[in-house]
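Each chain is listed here by its residues.
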Amino acid sequence: MTDRSDLELVQLFQNGDESAFNHLVLRYQEKVYWVARRFMADHDNADDVTQEVFIKAYGSLNEFRRESSVYTWLYRITVNIALNSLRRQKIREAFRIDELFDAPDTESVAPDEAAEKQEERSLIENAIARLPEKQKSVFVLRYYEELPYEDIAKILKTSVGGLKANYFHAVKKIQEYVRRAHETY
Amino acid sequence: MHTRHIEYLLPDYVTGRLEEPLRSGVASHLEECAECKGELETLRHAFQTIGGSDLKPPPGAYFSGILPGVRERLEQRKSPSVLARPLITRFALPLAVGVLAFVLLTHIPVPANNGETAQNPLRPVLSGVGSEELMEIALDQMHRQAFSISIGENESSAMLAVPILSGKYFLTDVDSSVVWEDPLLGDIAMEDLETLTDADLEVLVARLSERTSL
Ligand SMILES: [Zn+2]
């Protein structure tokens, strides 16, 4: 069944062949995971999102219409679930109000190179995390996933022109954040 | 002539992802536009900083465990053994709002009263449901020992929340399947939750207040 196209697999599933779903999972699990990982920054949260994406996909696969491709459809679910999960995290942080006020952004640096590299990376992760949702989504899908704007537009249900502006501003904001962080040390 | 439109092509130009004829168009524009040249340098520097996409890979056998994990969870959902579930589902949203209201009312410092009205951050959204009433609901639900379930990590409920810091409406779900099953939300689809207008929200709050007069 591995040589079937996505749409054929969907068709099979809709006709009652449960195992077609398994093939879709196997085909897309890595893509979904890595997108989730970009949003969530750590493995455990990315894992939660990945599982949730396929559970949601399973539940909605019967309503899948051929207007979009399976891959843009799955990416859309992934982005939505990841963003929701991030909002949930924010709410949890809000519940922990005392921690909210004195949470340090970055930890103290160990002076070896590996730690410095780690530091730089978490700085960028922080910068990405602070982007508005739209910019964050565009940045992940364009920079890391290298998707064409046409596909991103379908995933995020928006226009190509706006996406380019979003991408531009996202890059500038990340740069600005990193620059300021360096200035304060 | 310099335009925003050209500027927005620069990130793709820098990373070598701009195709012809746009690429040469931008290249020749760069020769005569100081503004874009400056921008190009900034972006080049930015991408250098951002660097590659080196993330630590997941644990060794991780990917082979996804499908079994998903299947297992799907099976769990099919089995009707979780007796408490319909109840939790039914109360999910009011419960969450109640709890949230409770937390907001008790933990968020209300801004000092400078002669003007000091507003609780929840009030604009939940104007249809008095805060005393919400407090009652929260306490009531806590008596039902549902509190921990409602803000628990996994199985929880829908959450309707006001972001405390931005002051904008903020809606989130905790367990999407529960949200979808919730008759309160009815025709409001999960995807729409992120783009609710004020009018939608009023409808939601109206339904909510009907339901919460327990
Ligand atoms: Zn220019």
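Residues numbered from 1 in each chain as written. Chains lettered and ligands numbered in written order. Predicted model: local features only at pLDDT ≥ 70, side-chain atom pairs only at ≥ 80, totals over all residues. Heavy atoms only, no water.

**Regarding the overall build of chain B**
To keep things clear, this is the line we draw: Here a helix means four or more residues in a row that DSSP labels H or I, a strand means two or more in a row labelled E, and each is numbered from the N terminus. Only protein chains enter the accessibility calculation, which uses a 1.4 Å probe; a residue whose area is less than 20% of its type maximum is buried, one above 50% is exposed, and one in between is partly exposed. Any two residues having at least one pair of non-hydrogen atoms within 4.5 Å are treated as being in contact. In this description, accessible areas are obtained by the Shrake-Rupley approach with a 1.4 Å probe, and a residue is regarded as covered only by the protein chains that are shown.
The secondary structure content of chain B amounts to ten helices and two strands. Mapped in sequence order, the helices and strands of chain B form the string α-α-α-α-α-α-α-α-β-β-α-α. Expressed as a percentage of the 214 residues in chain B, the buried residues total 42%. When contacts within chain B are restricted to residue pairs at least 6 apart in sequence, those whose partners lie at least 24 apart make up 59%. By element, 56% of the accessible surface of chain B is carried by carbon and sulfur atoms, the whole surface being about 11,900 Å².

**As for the packing of helix α2 (residues 19-40) of chain A against helix α3 (residues 43-60) of chain A**
Residue and element names in this part refer to chain A. Heads up, the rule is: Each axis is a line fitted through C-alpha atoms, taken for helices only over the stretch in contact, and angles between the N-to-C directions span 0 to 180 degrees. In what follows, roughly perpendicular refers to angles from 65 to 115 degrees, roughly parallel to angles under 35, roughly antiparallel to angles over 145, and oblique to any angle outside these ranges. The hand of a helix crossing depends on one turn: near helix anticlockwise from the far one by less than a right angle means left-handed, and clockwise means right-handed. Throughout, the ten residues Ala, Val, Leu, Ile, Met, Phe, Trp, Tyr, Cys and Pro are labelled nonpolar, Asp, Glu, Lys and Arg are labelled charged, and all others, Gly among them, are labelled polar.
Packing of α2 against α3 leaves a shortest axis separation of 8 Å and a crossing angle of 140°. The angle between the axes of α2 and α3 places the two elements in the oblique class. The two elements α2 and α3 meet at a crossing, and its hand is right-handed. Seen from α2, the contacting residues are Phe21, Leu24, Val25, Tyr28, Gln29, Val32, Tyr33, Ala36, Arg37 and Met40; seen from α3, they are His43, Asn45, Ala46, Asp47, Val49, Thr50, Val53, Phe54, Ala57 and Tyr58. Broken down by class, the residue content of the contact of α2 with α3 amounts to 14 nonpolar, four polar and two charged.

**Concerning helix α3 (residues 22-32) of chain B**
Quick reminder: α-helices carry 3.6 residues per turn. Residues three or four places apart thus point the same way. Residue and element names in this part refer to chain B. Where we set the bar: Here the arc refers to the directions that run from the helix axis out to each C-beta atom.
Those residues of α3 that fall on the buried side of the exposure criterion are Val26, His29 and Leu30. Seen along its axis, α3 keeps its buried residues to an arc of 105°; they face one direction. Residues of α3 that are exposed and point over 90 degrees away from its buried face: Glu31 and Glu32. Buried residues belonging to α3 abut α1 (4-7), α2 (10-14) and α4 (34-50).

**What to know about the side chain of Lys164(A)**
Let me state the cut-off plainly: Charge convention: Lys and Arg are scored as positive, Asp and Glu as negative, and His as well as the terminal groups of each chain are ignored. A pairing counts as a salt bridge when a side-chain nitrogen of Lys or Arg comes within 4 Å of a carboxyl oxygen of Asp or Glu.
Mapped onto the elements of the fold, Lys164(A) is located in helix α9 (residues 160-183). For Lys164(A), which is buried and forms no salt bridge, the nearest opposite charge comes from Asp12(B), at a distance of 6.0 Å. Not counting residues up to four positions away in its chain, the partners in contact with Lys164(A) are Tyr149(A), Tyr8(B) and Leu9(B).

**Here's the deal with the nonpolar core**
Side chains of nonpolar character tend, in soluble globular proteins, to be buried together. Our working rule: By convention a nonpolar core is built from buried Ala, Val, Leu, Ile, Met, Phe, Trp, Tyr and Cys residues, the set being connected through side-chain atoms within 4.5 Å.
Counting 82 residues, the largest nonpolar core has Phe21(A), Phe39(A), Phe54(A), Phe139(A), Leu141(A) and Ile50(B) as its most contacted members. What Phe54(A) contacts, discounting residues up to four positions off in sequence, is Phe21(A), Leu24(A), Val25(A), Tyr28(A), Gln29(A), Val32(A), Leu74(A), Ile66(B) and Val70(B).

**Considering the packing of aromatic side chains**
Residue and element names in this part refer to chain A. Put simply, the rule is: Any two of the Phe, Tyr and Trp rings considered here, Trp counted by its six-membered ring, make a pair once their centres fall within 6.5 Å; the pair's planes then place it as stacked at under 30 degrees, edge-to-face at over 60, or tilted in between. Only when the NZ of Lys or the CZ of Arg is both within 6 Å of the ring centre and within 35 degrees of the ring normal is a charge said to sit over the ring.
For the structure shown, the criterion picks out 16 aromatic pairs over all chains. Ring geometry for Tyr33 against Trp34: centres 5.1 Å apart, planes inclined by 75°, an arrangement best described as edge-to-face. In this structure Tyr33 comes out as buried when scored by relative accessible area, which is 0%. Look at Trp34 and you get partly exposed, because its relative accessible area is 24%. The positively charged end of Arg38 is found above the aromatic ring belonging to Tyr144, 3.6 Å away from the centroid. Between Arg142 and the ring centre of Tyr149, over which it is positioned, the NZ or CZ distance is 4.3 Å.

**Notes on the pattern of salt bridges**
Residue and element names in this part refer to chain A. Summed over all chains, the structure comprises eleven salt bridges over all chains. Of the charged contacts, one joins Asp6 and Arg27 as a salt bridge, the two residues approaching to 2.7 Å between their closest N and O atoms. With Asp6 in helix α1 (residues 6-14) and Arg27 in helix α2, the pair connects residues that are 21 residues apart, well separated along the chain. Owing to a relative accessible area of 31%, Arg27 belongs among the partly exposed residues under this scheme.

**Regarding the confidence of the model for chain A**
Residue and element names in this part refer to chain A. Note the following rule: Scored between 0 and 100, pLDDT is the confidence that the predictor attaches to each residue.
Summing up the model confidence of chain A, the mean pLDDT is 84 and the portion of residues at 70 or higher is 83%. Of all the helices and strands in chain A, helix α5 (residues 97-102) carries the lowest mean pLDDT, 36, while α2 carries the highest, 95. Predicted confidence is poor over residues 94-110, with pLDDT under 50, and the contacts of this stretch with residues over four places away or in other chains come to 20 contacts.

**Let's talk about the environment of Asp151(A)**
Residue and element names in this part refer to chain A. Along the chain, Asp151 falls in helix α8 (residues 149-156). On the basis of relative accessible area, Asp151 is assigned to the buried category, the value being 14%. Taking C-alpha positions, Asp151 is 6.6 Å from Thr72, a pair spaced 79 residues apart along the chain. Among all residues touching Asp151, those that are not within four sequence positions of it are Tyr71 and Thr72.

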